[in-house]
Amino acid sequence: MKRSKVRFIVIVVILGLIAAFLGYQYGYNKAHVNVMKADAVYEGEATGLYQEFVSEPEQASARYAGNVVQVSGMISELSAGPDNTILQLEAGNPMGGGIGVVLDASQQKEAERLNAGDRITVRALCSGLEQNDDGLLAALGSSVQLRAAVLVTP
């Protein structure tokens, strides 16, 4: 009887290790998306993408989150650091918010030439809508987050 319990525990541990390994291989270790080669599920103005997320957040998240989008707009804010550049594209919200863009590390040289007020087009992976549902920050607006962005037209 004891021997069968030990055997059962060993089998459960082995199956757990196999499941953890497969989860790592297919979840964390998956290939990176080449945003320039992947088909964009949205191509258009920053205001259009933002309005879709504001008016129908669940449907827009299902349609765009995790997919490549190509967005054009005017830079309203720019924060350049040594490792990354973060942009905010104007999206027509007078209370703030818009399209938050984190440029890919390979874009640092091109990012040095950008200024607030420039009109650009980027291709990026959409992470979805970031919002704060409580307090005064909610009134300031929310942002659609784009990551691993590549400049199409500076």
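### Considerations on the nonpolar core
Ranked by internal contacts, the top residues of the largest apolar core, which has 26 residues, are Leu-49, Ile-99, Val-101, Leu-103 and Leu-146. If you list the elements that add at least two residues to this core, you get helix H2 (46-55), helix H3 (57-64), strand S2 (68-80), strand S3 (85-89), strand S4 (98-103), strand S5 (119-130) and strand S6 (143-153).

### What about the confidence of the model for the protein?
Per-residue confidence for the protein averages 82 on the pLDDT scale, and 84% of its residues sit at or above 70. Segment residues 135-139: pLDDT under 50, and four contacts once partners within four positions in sequence are set aside and those in other chains are kept.

### Describing the packing of aromatic side chains
In the structure shown here, the tally under the stated rule is two aromatic pairs. Ring centres of Tyr-42 and Tyr-64 lie 5.7 Å apart, and the angle between their planes is 80°; on these two criteria the pair is classed as edge-to-face. Taken together, the residues Tyr-42 in strand S1 (residues 42-45) and Tyr-64 in helix H3 connect sequence positions 22 residues apart. You can call Tyr-64 buried: its relative accessible area is 4%. Here Phe-53 and Tyr-64 contribute two aromatic rings whose centre-to-centre distance is 6.0 Å and whose plane-to-plane angle is 45°, an arrangement assigned as tilted. Of this pair, Phe-53 sits in helix H2 while Tyr-64 is found in helix H3, placing the two residues 11 residues apart along the sequence. By the ring-pair criterion, three or more aromatic residues cluster together here, those being Tyr-42, Phe-53 and Tyr-64.

### Here's the deal with the pairing of S2
Pairing analysis gives four bridges linking S1 to S2, with the strands arranged parallel. When the bridges of S2 are listed, Glu-43 appears paired with Gln-70. Summarising the sheet, S2 and S5 pair through seven bridges and their orientation is antiparallel. Counted as the bridge partner of Met-74 is Arg-119 from S5. Pairing geometry for S2 and S3, over five bridges, is antiparallel. Looking across to S3, one finds that Ile-75 is bridged to Leu-89. Connecting S2 to the next strand, S3, in antiparallel fashion are four residues.

### Here we look at the side chain of Thr-121
Within the secondary structure, Thr-121 is located in strand S5. Assessed through its relative accessible area of 11%, Thr-121 is described here as buried. Of the polar contacts made by the side chain of Thr-121, one reaches the side chain of Ser-72; its length is 2.7 Å. Excluding its chain neighbours within four sequence positions, the residues that come into contact with Thr-121 are Gln-70, Val-71, Ser-72, Val-150, Leu-151, Val-152 and Thr-153.

Cut-off values and rules
Residues numbered from 1 in each chain as written. Predicted model: local features only at pLDDT ≥ 70, side-chain atom pairs only at ≥ 80, totals over all residues. Heavy atoms only, no water. Core = buried A, V, L, I, M, F, W, Y, C linked by side-chain atoms within 4.5 Å. Buried < 20%, exposed > 50% of the residue type's maximum accessible area, 1.4 Å probe, protein only. Helix = DSSP H or I, 4+ residues; strand = E, 2+ residues; numbered from the N terminus. pLDDT = per-residue confidence, 0-100. Contact = heavy atoms within 4.5 Å. Phe/Tyr/Trp six-rings, centres within 6.5 Å; stacked < 30°, edge-to-face > 60°. Pairing = 2+ DSSP bridges. Polar contact = N/O pair within 3.5 Å; in protein donor to acceptor, adjacent residues only side chain to side chain.

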